[in-house]
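Observations on the model geometry
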Amino acid sequence: MGAGARGDTNGTDDDGRPKRTGTFYTASAHIITTVVGSGVLSLPWAISQLGWIAGPMALISFSLITLFASTILADFYRSPDPVSGRRNYTYMDVVKVNLGGRYNKLSGIAQYGNLVGFTTGYIITSANSMVAIKRSYCFHKHGHSFGCHTTINPFIIIFGVIQIPNIQELSMLSLHTTVMCCCHAFIGLGLSVAKVAGRPHVKTSLTEVFIDGDKSNTNNLWTTFTALGNLAFAYGFSDVLIEIQDTLGSSKPENRVMKQASLAGISISTLFYMSCGLLGYAAFGDKAPGNILAGFGFFEPFWLIDLANIFVVIHLMGAYQICGQPVFGFMESAAAHRWPNTGLVNHEYAINVPGYGVYRFTLFRMIWRTTYVIITTVIAMMFPFFNDIVGLIGALSFWPLTVYFPIKMRIEKEKIPIFSFKWVWMQTLSMCCLLTSIAATVGSVGGVVKFLQTFKLFKSID
């Protein structure tokens, strides 16, 4: 069967791999699960740093840029023809085919470094939610003025241990995590509405927040830049778009289905973000916490807040697996190519697990994935501060993966003339996003340095 065939009826697709069964609905669920991760919890804080005008404008801008980039990428899943060409299985494959080896290596560093950052961020967020559950009960029992101090490291380890038995079937997992995502987002939304109705006099700003009323305060500049990084992080799914598209069945052109799924997924995510971000800001004002569910903007009803945090943990357990799959697959494919006759790498074992079915694994896959979980867990224990890490990940990944590579591939493929109108506006968009990413990186690094200085001062006093 030629590369342009659309598959057969013998259980395999045109590339000899097991027949893909993904649909518009599963792809949309994958996108929502990936996009609406830990980023949604920091949106009220990000909006509070930017104000009523710049906050929503930045949020909508990031959503439109991400939608534009995803539309470009969807047409590169198959090459050279977007409907009948040969499949590209990963983001790196797409860049290699269209731009060459040097860009392929750069995209790999950006993509897999970003995914490591995402999974590490999910560990930190989940551990914060587990801490919040424990502290919430303490506050309910002893009163809101009680310290209830709890260390985060044991909960980071708990999350890491749960991730070690790796899940390979992602379709149902993605749907379950999407449901969990909707549940905690709606609870946060409902609590914000109740807070606005009960106390509508909080202070908000049309523009950015001025720390301690000082418009020249450098901290204000850092937090504004960090807020931009948080918003960029909130739309980070371009690096797994090709992998999601590779799950789609070939009964319909994958690029068309993926564009529809991207529109649906980003639209639903943006609706969540606007609702949670704006209502959260209206509820808390300029003093919005960095994490609305784990930062104790709410104390009561404690059982509902605990339930929301449980949903966050379950959601991010699935999101960790989904974002980790490209990293797992890259190393496993490289090992299989390097050592094709080694049993450690290629011999597959099957175990019948009650309630799950047949669990298939190789020794290398088990060792590598366990090692990866341990590494990300240790990184999370070293840097357990939420907003600055989220902002840094978003800042470092947004421009290269969401903007630069898709635009450059589009220009190269269509041979857009230099200095033509289309070339100029696409390059202008890329440059603006680059400057935004640089600013967000600077702000997030400044926040990390400030945290470390504060931590060092606290330890010296102690």
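Whatever comes next refers back to the structure up there.
Each residue is numbered by its place in its chain's sequence as written, counting from 1. With the structure being a predicted model, the display of local features is reserved for residues of pLDDT at least 70 and the display and counting of side-chain atom pairs for 80 or more, all residues being used for whole-chain, interface and lining totals. Computation of side-chain values covers all heavy atoms of the structure but excludes hydrogens and water.

**Examining the overall build of the protein chain**
Put simply, DSSP marks the helices as runs of H or I at least four residues long and the strands as runs of E at least two long, and each gets a number from the N terminus on. When helices and strands are tallied, the protein chain shows 14 helices and four strands. Taking contacts inside the protein chain between residues at least 6 apart in sequence as the whole, the part at least 24 apart equals 78%. The contact rule is simple, with two residues in contact once any of their heavy atoms fall within 4.5 Å.

**Quick look at the pattern of salt bridges**
Close approach of charged atoms allows side chains with opposite charge to pair. Every case where a carboxyl oxygen of Asp or Glu lies within 4 Å of a side-chain nitrogen of Lys or Arg is listed as a salt bridge. All told, the structure shown has 10 salt bridges when counted by the stated rule. For E348, the salt bridge is made with R365, and the minimal N-O distance between the two is 3.8 Å. With E348 in the loop between α11 (343–346) and β3 (349–353) and R365 in helix α12 (residues 363–382), the pair connects residues that are 17 residues apart, well separated along the chain. On the accessibility criterion, E348 (41% relative accessible area) is partly exposed. Residue burial is assigned from relative accessible area. The probe radius is 1.4 Å, only protein chains are included, and a residue is buried under 20% of its type maximum, exposed over 50%, and partly exposed in between. For R365, a relative accessible area of 15% corresponds to the buried category. K408 serves as the salt-bridge partner of E412, at 3.9 Å between the closest nitrogen and oxygen. Remark: K408 and E412 occur in helix α13 (residues 386–414); sequence separation between them is four residues, near one turn of the helix.

**Quick notes on the packing of aromatic side chains**
To pair, rings of Phe, Tyr and Trp, with the six-membered ring standing in for Trp, must have centres within 6.5 Å; the planes then decide the type, stacked if under 30 degrees apart, edge-to-face if over 60, and tilted in the middle. As enumerated under the stated definition, the model contains 15 aromatic pairs in all. Taking 5.2 Å as the distance between ring centres and 65 degrees as the angle between the ring planes, the aromatic pair formed by F419 and W423 counts as edge-to-face. In this structure an aromatic cluster arises from ring pairing among F159, Y320, F328, W368 and Y372. One residue, R102, lies across the ring of Y103, its end atom 4.9 Å from the ring centre. Counting as a charge over the ring demands two things of the Lys NZ or Arg CZ atom: a distance within 6 Å of the ring centre and an angle within 35 degrees of the ring normal.

**Concerning helix α8 (residues 238–245)**
The buried fraction of α8 amounts to eight of the eight residues, a majority that puts the element mostly inside the structure. Taken together, the buried positions of α8 are occupied by S238, D239, V240, L241, I242, E243, I244 and Q245.

**Quick notes on a nonpolar patch on the surface**
Residues form patches when they are more than 30% accessible in relative terms and have no salt bridge. Like charges link within 9 Å. Nonpolar side chains (Val, Leu, Ile, Met, Phe, Trp, Tyr) link within 5 Å. Note that accessible areas follow from Shrake-Rupley with a 1.4 Å probe, and for residues the cover is restricted to the protein chains shown. A surface patch of nonpolar side chains, about 370 Å² in accessible area, is lined by W303, L307, I310 and I314. The class for W303 is exposed, based on a relative accessible area of 55%.

**So, the environment of G117**
For G117, the location among the structural elements is in helix α4 (residues 101–142). Residues G117 and S397, 280 residues apart in the sequence, show an inter-C-alpha distance of 9.4 Å.

**Examining the packing of helix α3 (residues 91–99) against α4**
Angular values range over 0 to 180 degrees, each being the angle between N-to-C directions of two axes fitted as lines to C-alpha atoms, with helices fitted over their stretch in contact. Taken N-terminus to C-terminus, the directions of α3 and α4 make an angle of 160 degrees; their axes are 8 Å apart at the nearest point. For the element pair α3 / α4, the angle class is roughly antiparallel. The interaxial crossing formed by α3 with α4 has right-handed handedness. Only Y103, N104, S107, G108, Q111 and Y112 of α4 make contact with α3, whose side of the interface consists of Y91, M92, D93, V95, K96 and L99. Each residue gets one label: Ala, Val, Leu, Ile, Met, Phe, Trp, Tyr, Cys and Pro are nonpolar, Asp, Glu, Lys and Arg are charged, and the others, such as Gly, are polar. Residue classes in the contact of α3 with α4 are distributed as six nonpolar, four polar and two charged. Should an angle fall under 35 degrees it is called roughly parallel, over 145 degrees roughly antiparallel, and 65 to 115 degrees roughly perpendicular, with every other angle called oblique. Here a crossing is called left-handed whenever its near helix is offset anticlockwise from the far helix by less than a right angle, and right-handed whenever the offset is clockwise.

By themselves, these observations are geometric and do not establish any function.
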